[in-house]
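# Observations on the three-dimensional arrangement
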Amino acid sequence: MLVLSRHRDESIIIGDNIVVTIVDVRGDKVRLGIEAPTEIPVHRQEIYEAIKRENQRSAQLNTADVDELQ
Amino acid sequence: MEIGTTRFGTIQISVADRVCFPAGLPGFEDCRDWVLLVERPDAKVGWLQSADWSEIALPVGSPRKFVPDYDIRIEPHDLRPLGLESPKDLQIVAILGQLSGDLTMNLKAPVAINMRRRLGRQVVHVDDWSIHQVVRQWTAQLRKIA
């Protein structure tokens, strides 16, 4: 993993169109500003992973599993 | 055109029925073309069926039919790729799931569709809604039948 040191208000650029800026640092919490093209989804990783797991579980369901809701 | 589905057999759809998810869905990033299948206009449950993979389909429902106080609050940057011209074009569905036998709904990450441009995206609600909101308890139903 590439590790870079940055101060508040400094940025890194990924490719030529994604910019991540350190907006604020307080204790163990860092606030990031992310500018990316709208077609690139940006997620908090743990939320993305949870959504992914849930989608994959939902795709296992059959019509009989949800019939009772009709 | 015809698409094959594991759950519903071969179905006829027109190109206009398809909904494009340019980023796919989390877990199904390569599935860009989907069809929203609803048996009847008043049905509470529909299916988001992949147009390319017959076995991939997700049961969905209108969240407000199950959780009346659910409000849609999504960050503008999350909705921007849909290119909405009017809020009337926006349809929100939530994906149904199953947890310990209960039927649940993912209210944290609903699916937003621009029905006019046929563009969709799974978005993230800004508030703390559950990924597994219980909409029907399994045991309660069984006891009633017994």
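Our subject is the structure that appears above.
A brief look at the structure comes next. From a predicted model like this one, the values you see are computed outputs, not experimental measurements.

## Things to note about the overall build of chain B
- Of regular secondary structure, chain B possesses three helices and 11 strands.
- For 146 residues, the compact-globule estimate of 2.2 N^0.38 gives 15 Å, and chain B sits close to it at 16 Å.
- With respect to the principal axes defined by its C-alpha atoms, chain B has extents near 45 × 40 × 30 Å.
- Per-residue burial for chain B yields a buried fraction of 34% across its 146 residues.
- Restricting to contacts in chain B with at least 6 residues of sequence separation, those with at least 24 account for 49%.

## What about the environment of R118 of chain B?
Residues and elements named next belong to chain B.
- With respect to the element layout, R118 can be found in the loop between β9 (111-114) and β10 (119-122).
- Its 16 C-beta neighbours within 10 Å are what place R118 among the partly exposed residues.
- With near-sequence residues (within four places) excluded, R118 lies in contact with R18, V19 and C20.

## Section: the interface of chain A and chain B
- At the interface, 23 residues of chain A touch 29 residues of chain B.
- Residue assignment for the side of chain A that touches chain B shows that the elements contributing at least two residues are α1 (45-58) and α2 (63-66) of chain A.
- Take the side of chain A that touches chain B: its biggest share by element is 10 residues, from α1 of chain A.
- Looking at the side of chain A that touches chain B, its residues break down into nine nonpolar, eight polar and six charged.

## Section: the pairing of strand β8 (residues 102-105) of chain B
Residue and element names in this part refer to chain B.
- Judged from the four bridges that link them, strand β7 (residues 90-99) and β8 form a sheet pairing that is antiparallel. Across the sheet, Q98 pairs through a bridge with L103, a residue of β8.
- Between β7 and β8, which pair antiparallel in sequence order, lie two residues; one of them, S100, sits at a positive phi of approximately 50°.
- Relative to strand β11 (residues 133-136), β8 runs antiparallel, the two sharing three bridges. When the sheet's bridge partners are listed, M105 is paired in β11 with Q133.

## Re unusual backbone geometry
All names here are of chain A.
- Notably, D9 is not glycine yet its phi reads approximately 70°, a positive angle.
- Here D9 is to be found in the segment before β1 (11-14).
- A tally of 10 C-beta atoms within 10 Å means that D9 is categorised as exposed.

## Digging into the nonpolar core
Residue and element names in this part refer to chain B.
- Core analysis: the largest hydrophobic core is formed by 33 residues, its most contacted members being L48, L58, V60, L96 and V111.
- Of all the secondary structure elements, the ones that give two or more residues to this core are β5 (45-50), β6 (57-61), β7, β8 and β9.
- By residue number, the principal contributor to this core is β7, which donates four residues.

Rules used in this analysis
For every chain, the first residue of the written sequence is number 1, and numbering continues from 1 along that sequence. Written order decides the labels, with chains lettered from A and ligands numbered from 1. Predicted model: local features are reported for residues with pLDDT of at least 70 only, side-chain atom pairs are reported and counted for 80 or more only, and whole-chain, interface and lining totals are derived from all residues. By definition, any uninterrupted DSSP run of H or I lasting at least four residues is a helix, any uninterrupted run of E lasting at least two residues is a strand, and each is numbered from the N terminus. Here the radius of gyration uses the C-alpha set of atoms, whereas the globule reference equals 2.2 Å times the residue count to the power 0.38. Each residue is classified by how many other C-beta atoms fall within 10 Å of its C-beta atom, where C-beta atoms are placed from the backbone; a count of 20 or more means buried, 12 or fewer means exposed, and values in between mean partly exposed. C-beta atoms are placed from the backbone for every residue, and two residues are taken to be in contact when these atoms lie within 7 Å. Asp, Glu, Lys and Arg are counted as charged, while Ala, Val, Leu, Ile, Met, Phe, Trp, Tyr, Cys and Pro are counted as nonpolar; the rest, among them Gly, fall into the polar class. Strands were regarded as paired on the criterion that DSSP finds at least two bridges between them. Buried Ala, Val, Leu, Ile, Met, Phe, Trp, Tyr and Cys residues form a nonpolar core when they are connected through C-beta atoms within 7 Å.

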